[in-house]
Amino acid sequence: VSVMPVFKLSIFLAVLESKYAKDIDTCTLDEAVKDLHDYFLLDVIKKGKLKKKLEIFPAFKDFWIVVQPHKITVYSASTEKEVRGEIALNQQCRVEKLEAPQSLLPTKYAKHRFALHCENKHYEFQASDHRSRLQWISAIEKAIDFSFQGSRLQLSLADGRREQREEEIKGRPSTQDIVEQTKAELEMEKAARIQAEREALLLSQEKEEEIKRMQELENIREELERLLEEEKQAKRDEEIVRTLQARMLTEEWERREELEKIQAEQSQMLEEERSKREEFEKIKEEREKMVAEAETRLKQMESEKHRLDEELKKHRDRTRKADIGREVLEAKMKVHKQESELKRNYSMRLSSFHPSTLTVQEEDSNDDKPKYRPLRSASMRETSYSRSIRRRFRNEGKPMPPPQTTPTATALEVNNNE
């Protein structure tokens with residue numbers, strides 16, 4: 001506790017940089033510091049690249065997603081400069097997994113989707129794999145759980161850990177109780193040790209007395225046996241000394257001859273063994289050389305295999321990326337073709353219903369081919385109002401007034417009526 005007021009983050013970072021960040025580049029260090037800043041100061045639970053379904057088109061696009069306790073921020077790139085949108089989180093929000101749709105088209109990104117349901121909106125996301133989807137769902141659920149709290153996430157977690165430590169400290173026995181318990185255990189052990197020492201002393205005394213009695217009896221027995229053996233030996237020596245003297249001389253000569261033969265045979269065997277050993281050592285050296293060469297060849301083959309495996313992996317990655325690009329391009333071409341066909345059909349339908357394009361076939365006796373002329377527009381036809389005026393003048397017997405038209409309009413009407 002006395003060290004905390006003196007603690008400074010700048011000093012701590014300088015110590016870490018001087019000891020552990022010597023061979024680390026600046027970009028890596030900046031990313032690590034930014035991650036720590038986001039985690040502890042901005043309460044960022046999780047951030048990374050994730051696919052989000054667009055609102056207008058039914059397609060997924062990569063975005064940089066940052067999950068915080070109260071909101072989800074959508075950026076266009078990992079630099080987090082251009083904000084594309086924010087999703088507010090509360091206790092009414094919920095996250096659920098989405099099963100892969102049953103579609104006939106071979107789409108690659110049909111799996112690993114999940115949805116976020118807010119108050120009036122529905123958002124769909126797509127992860128790269130099953131594990132990533134579980135991590136994103138867990139992070140969003142954690143953000144929803146902490147969305148109602150007014151304090152920061154890291155501070156609340158620190159308070160929870162502090163309360164847990166205090167409860168553990170309260171549950172532990174006090175120092176005085178531990179000292180008293182230890183003293184009682186020491187007293188019991190001391191009394192038991194004294195009792196055991198007394199019993200051991202009595203047993204050792206009894207054992208020493210028993211050993212002394214056994215030693216005295218053993219000495220008496222040995223003395224009697226020695227005297228008896230001396231008497232027997234004296235009688236045997238007198239009987240066999242004379243017969244053994246002659247036999248010992250003959251046996252000594254025979255043994256000497258046998259030893260000389262054995263020595264000669266042993267010397268010959270030693271020479272043979274020495275020659276065999278030299279041959280074995282030569283064979284062993286040759287085999288060791290062959291083993292060393294085989295090991296070097298094996299290492300070279302392993303290195304060549306590793307290099308070929310890496311090249312094969314690179315080629316497979318390139319092929320996979322090319323296949324993915326080809327599939328995406330084919331899907332885009334199909335969608336573009338369908339859209340162009342729909343637009344062309346729509347434009348043809350509109351042009352067929354336009355009044356200025358309607359035509360009437362007229363017959364011509366001189367020419368076999370049919371001719372077409374445009375119909376008059378609705379503005380040039382006789383209206384119901386003009387017909388009612390003509391009918392009224394005819395019923396009253398009055399002459400019809402001449403129409404107020406210009407020469408150009410009259411010529412156009414005549415041409416249209418022809």
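The structure we're discussing is the one just above.
What counts as what
- Residues numbered from 1 in each chain as written.
- Predicted model: local features only at pLDDT ≥ 70, side-chain atom pairs only at ≥ 80, totals over all residues.
- Heavy atoms only, no water.
- Helix = DSSP H or I, 4+ residues; strand = E, 2+ residues; numbered from the N terminus.
- Contact = heavy atoms within 4.5 Å.
- Salt bridge = Lys/Arg side-chain N within 4 Å of Asp/Glu carboxyl O.
- Buried < 20%, exposed > 50% of the residue type's maximum accessible area, 1.4 Å probe, protein only.
- Pairing = 2+ DSSP bridges.
- Axes fitted to C-alpha atoms, helices over the stretch in contact; angles between N-to-C directions.
- Patch = residues over 30% accessible without salt bridge, like charges linked within 9 Å, V, L, I, M, F, W, Y side chains within 5 Å.
- Areas by Shrake-Rupley, 256 points an atom, 1.4 Å probe, with all protein chains shown as cover.
- Lys, Arg positive; Asp, Glu negative; His and termini not counted.
- Charge placed at Lys NZ, Arg CZ, Asp CG, Glu CD.

Among the structural elements, Ile 45 can be located in the loop between helix H2 (26-40) and strand S1 (46-53). Linking Ile 45 and Ser 138, residues 93 residues apart in sequence, is a C-alpha distance of 9.8 Å. What Ile 45 contacts, discounting residues up to four positions off in sequence, is Val 67, Gln 68, Pro 69, Ala 139, Lys 142, Ala 143 and Leu 153.

Let's shift gears to the pattern of salt bridges. Under the defined criterion, the tally for this structure stands at 26 salt bridges. In this structure, the salt-bridge partner of Glu 218 is Arg 221, at a minimum N-O distance of 2.3 Å. Taken as a pair, Glu 218 and Arg 221 lie in helix H5 (residues 175-352) at a separation of three residues, close to a single helical turn. The class for Glu 218 is partly exposed, based on a relative accessible area of 30%. Residues Glu 229 and Arg 236 are paired through a salt bridge, measuring 3.5 Å at the closest nitrogen-oxygen approach. Residue classification places Glu 229 among the partly exposed positions, given a relative accessible area of 41%. The class for Arg 236 is partly exposed, based on a relative accessible area of 37%.

We now examine the sheet that holds S1. As summarised here, the arrangement of the seven strands in space is S4-S3-S2-S1-S7-S6-S5, forming an open sheet in which the pairing is antiparallel. At either end of the open sheet lies a strand with only one pairing partner, and these are strand S4 (83-88) and strand S5 (94-98). Recorded for the sheet is a direction-independent mean angle of 35° between the axes of neighbouring strands. The strands that helix H3 (residues 130-145) touches are S1, strand S2 (60-67), strand S3 (71-75), S5 and strand S6 (113-117); relative to S5, the one it contacts most, it runs at about 165°.

So, on to a negative patch on the surface. Taken together, the side chains of Glu 163, Glu 166, Glu 167 and Glu 168 present a region of like negative charge at the surface. Mapped onto the secondary structure, Glu 163 falls in helix H4 (residues 153-171).

This next bit is on the pairing of S3. With four of its five residues buried, S3 lies for the most part within the structure. In this structure, S2 lies alongside S3, joined through four bridges in antiparallel fashion. Looking at the pairing, Trp 64 lines up with Tyr 75 of S3. The loop that links S2 with its antiparallel partner S3 comprises three residues. Pairing of S3 with S4, which is carried by five bridges, proceeds in the antiparallel orientation.

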